[in-house]
Amino acid sequence: MEFCALTDLVMISEDEAMYLLVTFFEKLQSLNFCLLEEKSKQGVLRVHNFLQENITCWIGKFNDAAHKDPSNVEFTATDLAHIWGTITCYSYMSDFEANHYLLMEFVEALDRLLMANPALPRRVYESLIGAGLASYQRLSLTAKHDDLPVDKLLYFAKKYKLSIHILSAVADFLDSLDSSTAQADSTRKKYRLEFEAAKTIDAFNIFSENLCHSDKQIRLLTLRILCHYESLRSENDMLIDDHGENVLHSLLAIEATSLSIATSRKVVLLISKIQMDLSAKRIHDAYIPLVFNAVIGIFHNRFNYLWNPAMECFVVLVNDYHDYPSPVWETCMKFLDKCVSNFASYRAHSDQDNSELHGSHDDLLGCFNQFVGPSYEDIPSPTVLSLLIKSLQKVSTFVESRSRQIIPLFLKFLGYEVADLSSVRSFSLEACKGKVWKSVLGDWLSLLKLMRNPKAFYLSQFIKDVLQYRLLDENDFEVQLKVLDCLLNWKDEFLFPYAQNLRNLVNPKTLRDELTRWSLSRDSHLVSEQHRDSLVPLVVRLLVSKVRNLKTLASRKVCSFKCQLIYFGLFGLGCLVFLLGKSDPMADPFKVWVGRVWVIRPRVISGRDFWFRV
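Residues numbered from 1 in each chain as written. Predicted model: local features only at pLDDT ≥ 70, side-chain atom pairs only at ≥ 80, totals over all residues. Heavy atoms only, no water.

Chemist: Would you mind showing me how to read the overall build of the chain here?
Modeler: Regarding its fold elements, the chain presents 29 helices and 0 strands. The proportion of buried residues among the 614 residues of the chain is 51%. The contacts in the chain between residues at least 6 apart in sequence include a share of 74% that link residues at least 24 apart. Split by element, the accessible area of the chain, about 29500 Å² in all, is 52% carbon and sulfur. (Helix = DSSP H or I, 4+ residues; strand = E, 2+ residues; numbered from the N terminus. Buried < 20%, exposed > 50% of the residue type's maximum accessible area, 1.4 Å probe, protein only. Contact = heavy atoms within 4.5 Å. Areas by Shrake-Rupley, 256 points an atom, 1.4 Å probe, with all protein chains shown as cover.)

Chemist: What exactly am I supposed to notice about the packing of helix H11 (residues 216–226) against helix H12 (residues 247–256) here?
Modeler: Axis angle and axis distance: for two packed helices, these are the angle between their axes and the distance between the axes, and together they describe the pair. Interhelical geometry of H11 versus H12 gives an angle of 150° and a closest axis separation of 9 Å. With respect to the hand of their crossing, H11 and H12 are arranged in left-handed fashion. Contacts between H11 and H12 involve Lys 216, Arg 219, Leu 220, Leu 223, Arg 224 and Leu 226 from the former and Leu 248, Leu 251, Leu 252, Glu 255 and Ala 256 from the latter. Looking at side-chain class alone, the contact of H11 with H12 contains 7 nonpolar, no polar and 4 charged residues. (Axes fitted to C-alpha atoms, helices over the stretch in contact; angles between N-to-C directions. Left-handed = near helix turned anticlockwise from the far one by under 90°. Nonpolar A, V, L, I, M, F, W, Y, C, P; charged D, E, K, R; others polar.)

Chemist: Hey, could you run me through the confidence of the model for the chain in this one?
Modeler: Detail in the predicted coordinates should be disregarded across regions flagged by low pLDDT. When pLDDT is averaged along the chain, the result is 81, and 77% of the positions lie at 70 or above. Note on residues 578–584: pLDDT is under 50 here. Beyond four places in sequence and across chains, it has 8 contacts. Across residues 593–614, confidence stays below pLDDT 50; counting only partners more than four residues off in sequence or on other chains, it has 45 contacts. (pLDDT = per-residue confidence, 0-100.)

Chemist: I'm lost on the packing of helix H3 (residues 41–66) against helix H4 (residues 77–90) in this one. Help?
Modeler: The geometry of H3 relative to H4 is characterised by a closest axis approach of 10 Å and an angle of 130° between their N-to-C directions. Classified by the interaxial angle, the pair formed by H3 and H4 is oblique. Between H3 and H4 lies a crossing of left-handed hand. In contact with His 48, Leu 51, Gln 52, Asn 54, Ile 55, Trp 58 and Phe 62 of H3, H4 contributes Asp 79, His 82, Ile 83, Thr 86, Ile 87, Cys 89 and Tyr 90. Class assignment of the residues belonging to the contact of H3 with H4 gives a composition of 8 nonpolar, 5 polar and 1 charged. (Parallel < 35°, antiparallel > 145°, perpendicular 65-115°, else oblique.)

In structure tokens, the structure reads:
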């Protein structure tokens, strides 16, 4: 369709014409084609006037809506798509003296509307603000820099710091402004006032959490904005380069690099340089929270070559900067709490904000839908939680001294309500499912194992009960081994002498030999009489997982000798629990299991079949 025909369509069918205009200008931009041809100049002017009148009209509607009852404010999905198309197309009207101040009025009107009506779908309206700022940025390239409101754009970036569209528009604006004012000293001086050291700290405080966001675009765009602020120098930093670059520029290079085997060495070297600068105190204290959050941001990259050097940075930050002047440890605990809280809801993202927007990509509404994009919740992946716990393992001595903070998070991961720890069994089953959960549980247990004085833990006895009465009978033998190692840290008299025997019982490779060699019989004298009351129930729990697997094993035509030993050993162990009249919390399940075993394998059991005799 020729452009003159398109301009005629504007007056007939606005919606269809708007979609064609958006498509036309996108292709025009990719072709870098000059719009101003003499034959179409008049038609373009008509489009310019049409778009400008529409923007003015929508500004009036937004201002009116901001003063109305919020329940009466209603803009349909078609309205919002039409607004987006108008704003997008208007940015291409620079040759016809398009008014970039009008776009700033549009953005400010939308901002007022959002403040007056918080119930509006924020993500959709924020994307419109971002579109307005992006169009403003394109039109302002030809404007006088003295008139550009840098402070306003930074205000919107700070206020809507999690909007990719707004951050992108502001970052593009600052990059273009920085390059175009390089030779204009007076203009640059005025422009730099917004980025002086006094305002740098405030910006760091606002944007810091963006650097550990799970969305790489948010991390990257935030760093692009922060790199425009004045550099702060540590007293130990004797090397000041000519470009005024600081640690933020290194972090920006890390996030901006397209990761591959070929580029990974460059990124690893950048992370290692940051670690060395941290160790040598060559980084200003104001950057420390940013660097810590950025290190967590690196964990979000699914490229494991970066994880080890990032963890080494983590170690230096926690050891050397944990309290003063930047609260690194508090930031760490806050993020760990977020990871644990959101573990169960990972990948369970809902798109409520955009539920009204429908349409395919071949119409205006579909294009707007695509521009807004799907909803994105900042939910750290289980991999990030695992890496964070593994990093804490490297500073286990320090973590042990903060058990009052770390233990409640461990219990929360296990499904407990920390405010109500009435019983070991009072946990949520829904929070403790799946292979991923069990894998992260292994990381938690490895951390507890490295903390050598569990008697000094916060909630020490409850943790011990959870390990002994709940986690010790896990089906995964590797988890069982870690739980056993954690219990051994308590150095109980009834447990410590038999540590290797218990490990052998857990390990499938040594289970058969240990059942044959080690006896709990009084006649064998291998177990002290004073230890039996505590040791026997614990051995029962160790072997519970073996019984759980019997249903599968029994379906095989040939049951291994090891399975038979487990059957009869547990049967005898269960009998012991009955005869001694134990009220152990694990006794009830064994009454059922013993009955099942007897039904499956009914025969006369002689004394030599028992693993031990009462």
